[in-house]
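# Structural description and commentary
Single-letter residue listing:
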Amino acid sequence: MRSALMVIAAALLGVSFAQGTGRLALDPVSGTVGTTVVGTATGLAPGQEVELVWMSADASWNVGEGTFHGVVAEETRSVVGTGTVGDDGSVDFEFVVPDDYGYVHNVFVESGGEQVARQGFTVAPSLSISPTSGPVGTPITVTMKGVGYRFWESVWHLLYDGAHTGWVSAITTNGTAVFTLPATGEVGLHTLQAISGTHPVPYLNQQQSPNYKPAVPTVVSALFEVTEGPAVAPSAPETQVLGRDAAVTSQGDGPSLSLDHGSGIVGSPVVATGAGFPANATVELMWSTVTGNRISGAGWEEVESSLASVDTDADGAFTLTFETPDDLGGGHTLRAVSGDAQASVAYVITPSVALIEPQIVEPGGDITITIKGVGWTQTANIYTVLIDNGYVGYGCGFNSQGDVTMYLKAPGRVGTHFITIYPSIYQGEVTSPGGPSTPDANATFLQLPMLNHVDHPGEELPAFTLSFEVRAP
């Protein structure tokens, strides 16, 4: 059965599979990205020109219209070595394990499109940090290589000093995840450890699970030393937002509507310019949004309301500056209407931190955080919060039209503390290659901080790092 499946897979790739014609030995058979591997193929026809082919995948998030469905992947192949078979029927190769997804990869020896030998190589995940020391607040860049894309291989959970921080994936970044955390805690050594598993919390005895692979470590870790010195403060929240998209213009014949930016945070100015409308007429600017929620059972709907009105000049043109509405994050339609004349464009609201106060608080005192522009889709309607790299919970912005206001208590330890805010996934089907036949959204990584948020599915969303000081009364 297994051989038959190999033949089918090879046929789909446009190559044939010659069973048992040769053998390929790799030394070593597992290692991290960058490992040098020596391969020897034997039992081949002398004089053949052969290629050593590394099999992998082109993986991506499966995101629908506001919905999340896990991961999809297509098989890929790349040549990592070439050679000529000697008189003894053997050929040697040497290659370096590429920057790629982790876990098992097929390695084939091919001649003229025919697979003549094969072996498997396991890419083991690894973790490194930079720098390895610094005062509290120092940004720690964490790099994980060899993260997988299949169901039981695509998620790693990070712990900081034993506190659950969040999860890491590398679906759209080809197996490499890079993210930054602030150094927190007292002066001394602190442990960062990544533990494999798709479950909502780390699976601590992976070596006893049915999915355990001996060549793959279940925990990778590093030590960071917090040193004496002034705390390193994060940049101002307003500098941590996404950049604004370029200007947008309506399509089609007739009147036109243009915006000087295609996106922005709540409150950011937008200049709207219209042309081709009736002369000396009033133009109504209509704004569309979504209202409702996923909890009450009443559902949600798209609604439209008047944002502003403006009069055209003798040529039927107008210019109006308005502030980005305090509304849900994501796409909105702005429609300019005057009688039968109309034009529309899309505008995207992106998240921002509007408030963190107070900046100085007594032990156990109250802290208020407000995020604006939180979205409504399954991949954008929540933000998750950590205090000193320990996961606290999430806030949802759907029912409150993009406003997420959270009330937290300050830690008891005097000193500088850090709040980090990450996008996540609220709900959805979690299916991927190698996953269970029945999607199980309750046994996955949903509603947890996505630490390498550049890999976030669907919308591009920012993360935020904030700080405050606890002082004794």
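Conventions adopted
- Residues numbered from 1 in each chain as written.
- Predicted model: local features only at pLDDT ≥ 70, side-chain atom pairs only at ≥ 80, totals over all residues.
- Heavy atoms only, no water.
- Helix = DSSP H or I, 4+ residues; strand = E, 2+ residues; numbered from the N terminus.
- Buried < 20%, exposed > 50% of the residue type's maximum accessible area, 1.4 Å probe, protein only.
- Contact = heavy atoms within 4.5 Å.
- Phe/Tyr/Trp six-rings, centres within 6.5 Å; stacked < 30°, edge-to-face > 60°.
- pLDDT = per-residue confidence, 0-100.
- Polar contact = N/O pair within 3.5 Å; in protein donor to acceptor, adjacent residues only side chain to side chain.
- Pairing = 2+ DSSP bridges.
- Axes fitted to C-alpha atoms, helices over the stretch in contact; angles between N-to-C directions.
- Core = buried A, V, L, I, M, F, W, Y, C linked by side-chain atoms within 4.5 Å.
- Salt bridge = Lys/Arg side-chain N within 4 Å of Asp/Glu carboxyl O.

Here the focus is the overall build of the chain. Counting secondary structure elements, the chain contains one helix and 34 strands. Judged by the C-alpha coordinates and their principal axes, the chain covers about 90 × 65 × 40 Å. Expressed as a percentage of the 473 residues in the chain, the buried residues total 49%. When contacts within the chain are restricted to residue pairs at least 6 apart in sequence, those whose partners lie at least 24 apart make up 70%.

Let us look at the packing of aromatic side chains. Applying the stated criterion across every chain yields a total of 10 aromatic pairs. Among the aromatic residues, those joined into a ring-pair cluster are Trp 54, Phe 95 and Phe 121.

Note the cis peptide between Asp 27 and Pro 28, where omega equals 0°. Residue placement: Pro 28 occurs in the loop between β2 (23-27) and β3 (30-31). A cis amide bond links Ser 130 to the next residue, Pro 131, at an omega of -5°. Structurally, Pro 131 is set in the loop between β10 (126-130) and β11 (133-135).

So, on to the confidence of the model for the chain. Residues of the chain with pLDDT of at least 70 account for 94%, and the chain-wide mean is 92. In this model residues 1-20 is a low-confidence stretch, pLDDT under 50, and it forms 21 contacts with partners more than four residues away in sequence or in other chains.

What follows is about the side chain of His 332. Its location among the elements puts His 332 in strand β25 (residues 330-338). Separated by 2.7 Å, the side chain of His 332 and the backbone oxygen of Leu 328 make a polar contact. Ignoring any residue separated from it by four or fewer positions in sequence, one finds His 332 in contact with Trp 287, Ser 288, Thr 289, Asp 327, Val 345, Ala 346, Tyr 347 and Ile 349.

With that settled, consider the sheet that holds strand β29 (residues 366-372). Each strand in a sheet pairs with its neighbour through backbone hydrogen bonds, running either in the same direction (parallel) or in the opposite one (antiparallel). Strands sit in the order β27-β29-β32 across an open sheet of three strands; the sheet is antiparallel. Looking at strand neighbours, the two that pair on one side only are β27 (352-357) and β32 (404-409), the edges of this open sheet. The sheet shows a mean angle of 15° between the axes of neighbouring strands, taken without regard to direction. Where β27 lies against β29, five bridges are found, and the strand directions are antiparallel. When the sheet's bridge partners are listed, Ile 356 is paired in β29 with Ile 369.

Formed by 29 residues in total, the largest nonpolar core has its most connected members in Leu 127, Ile 129 and Met 144. Looking at this core, the elements with two or more residues in it are β10, β12 (139-145), β13 (156-160), β15 (177-182), β16 (188-196), β17 (219-227) and β33 (415-423). Residues contacting Ile 129, with those up to four places away along its chain left out, are Ile 140, Thr 141, Val 142, Leu 192, Ala 222, Leu 223 and Phe 224. With 22 residues, the next largest nonpolar core counts Ile 369, Val 385, Phe 464 and Phe 468 among its residues.

Bringing the pairing of strand β14 (residues 163-168) into the picture now. Of all six residues in β14, five are buried; the element is thus mostly enclosed. The sheet contact formed by β13 and β14 spans five bridges and is antiparallel. Pairing of Leu 159 across the sheet is with His 164, part of β14. Adjacent in sequence and paired antiparallel, β13 and β14 are bridged by two residues, among which Asp 161 carries a positive phi angle near 55°.

A word on the side chain of Ser 424. One can find Ser 424 in the loop between β33 and β34 (464-470). Its relative accessible area of 1% is what places Ser 424 among the buried residues. At a separation of 2.5 Å, a polar atom in the side chain of Ser 424 contacts the main-chain carbonyl oxygen of Leu 448. If sequence neighbours within four positions are ignored, Ser 424 has contacts with Thr 379, Ile 382, Thr 384, Gln 447, Leu 448, Pro 449 and His 456.

Summed over all chains, the structure comprises nine salt bridges. Among the salt bridges present, the one from Glu 153 reaches Arg 150, with a minimum N-O distance of 3.1 Å. With relative accessibility at 7%, the residue Glu 153 sits in the buried group. The partner of Glu 153 in a salt bridge is Lys 213, with the nearest N and O atoms 3.6 Å apart. On the criterion of sequence distance, the pair formed by Glu 153 in the loop between β12 and β13 and Lys 213 in the loop between β16 and β17 is long-range, its members being 60 residues apart. It is possible to trace a salt-bridge network through shared partners that takes in Arg 150, Glu 153 and Lys 213.

Another aspect to go through is the sheet that holds strand β4 (residues 36-42). Spatially, β2-β4-β7 is the arrangement adopted by the three strands of the open sheet, whose pairing is antiparallel. Two strands lie at the open edges of the sheet, namely β2 and β7 (91-96), each paired on one side alone. Neighbour-to-neighbour, the strand axes of this sheet turn through a mean angle of 20°, independent of strand direction. Examined bridge by bridge, β2 and β4 share five bridges and lie antiparallel to one another. Bridge pairing in β4 links Asp 27 to Val 38.

The next point concerns the environment of Glu 94. Its location among the elements puts Glu 94 in strand β7. Through-space distance from the C-alpha of Glu 94 to that of Phe 468 is 53 Å; in sequence the pair is 374 residues apart. Ignoring anything within four residues of it in the chain, the contact list for Glu 94 reads Thr 36, Val 37, Val 38 and Val 80.

To continue, consider the environment of Tyr 149. In this fold, Tyr 149 is placed in the loop between β12 and β13. Of the residues examined, Tyr 149 reaches a relative accessible area of 9% and is grouped as buried. Spatially, the C-alpha atom of Tyr 149 lies 32 Å from that of Lys 372, the residues being 223 residues apart in sequence. For Tyr 149, the residues in contact, after removing those within four places along its chain, are Ala 57, Ala 59, Val 71, Ala 73, Tyr 101, Ser 154, Ile 171, Ser 432 and Pro 433.

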